[in-house]
Amino acid sequence: MSSYVLDNLEKYHCFTCDKEFILSEYQRENATEEIICPYCHSKNVEDYVFMDDEDGLNDLGCMGISHYTDPKEEFECWARTWGVIEEMRKKKGGNKALK
Ligand SMILES: [Zn+2]
């Protein structure tokens, strides 16, 4: 069992259906196909696990995948995290040269 390697995990978020999934970093690096969402097959997915330049988004540091049973609470959480990130993505889209 000496060749056993525990992989780093990466949590992905799909911006089309707002679901999350976890991939092995190793498998992702060696993938021959583009990463797509397993739920809706969208390519609009992004890895946010190793994100460390986005302050105030502490919820994302957790590797767990979760959901809320209360839709109102779920929306509040979504707005706090992915709503904010979507805004940042939109802003970044136009001026990538700045960072
Ligand atoms: Zn999706």
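The rules behind these values
- Residues numbered from 1 in each chain as written.
- Predicted model: local features only at pLDDT ≥ 70, side-chain atom pairs only at ≥ 80, totals over all residues.
- Helix = DSSP H or I, 4+ residues; strand = E, 2+ residues; numbered from the N terminus.
- Buried ≥ 20, exposed ≤ 12 C-beta atoms within 10 Å, placed from the backbone.
- Contact = placed C-beta atoms within 7 Å.
- Pairing = 2+ DSSP bridges.
- Axes fitted to C-alpha atoms, helices over the stretch in contact; angles between N-to-C directions.
- pLDDT = per-residue confidence, 0-100.

From N to C terminus, the protein includes two helices and three strands. Helices and strands in the protein line up, N terminus first, as β-β-α-β-α. Residues classed as buried in the protein amount to 7% of the 99 residues present. When contacts within the protein are restricted to residue pairs at least 6 apart in sequence, long-range pairs at least 24 apart make up 44% of them.

Bringing the sheet that holds strand S3 (residues 45-47) into the picture now. Backbone-to-backbone hydrogen bonds join strands into a sheet, with any given pair of strands oriented parallel or antiparallel. Pairing is antiparallel in the open sheet, where three strands are placed in the order S2-S1-S3. Two strands in the sheet have a free side with no partner beyond their single neighbour: strand S2 (20-24) and S3. Put simply, the sheet's adjacent strands are angled 30° from each other on average, direction ignored. Note: strand S1 (residues 9-14) against S3, three bridges, orientation antiparallel. Note that in S3 the partner of Tyr-12 across the bridge is Asp-47.

Right, let's get into the confidence of the model for the protein. Per-residue confidence for the protein averages 80 on the pLDDT scale, and 78% of its residues sit at or above 70. Below a pLDDT of 50 lies the segment residues 50-60, which in the model reaches six contacts outside its immediate sequence neighbourhood of four places, other chains included.

Bridge count between S1 and S2: five bridges; the pairing is antiparallel. Its bridge partner being in S2, Lys-11 is matched across the sheet by Ile-22. Where S1 hands over to S2, the hairpin turn is made up of five residues, of which Asp-18 adopts a positive phi near 60°.

Moving on, we get to the environment of Ile-65. Here Ile-65 is to be found in the loop between S3 and helix H2 (71-94). Between the C-alpha atoms of Ile-65 and Glu-20, which are 45 residues apart in sequence, the distance is 6.7 Å. Those residues in contact with Ile-65 that sit more than four places away from it in its chain are Glu-20 and Ile-22.

For Ser-42, the position within the fold is in the loop between helix H1 (25-29) and S3. Along the sequence, Ser-42 and Phe-15 sit 27 residues apart, while their C-alpha atoms lie 8.3 Å from each other. Residue contacts for Ser-42: discarding those within four places in its chain leaves Cys-14, Thr-16, Cys-17, Ile-36 and Cys-37.

So, about unusual backbone geometry. Positive phi is not limited to glycine here, since Asp-18 has a value of about 60°. With respect to the helices, strands and loops of the structure, Asp-18 is situated in the loop between S1 and S2. A positive phi is found at His-41, a non-glycine position, where the angle reads about 65°. For His-41, a count of 10 C-beta atoms within 10 Å corresponds to the exposed category.

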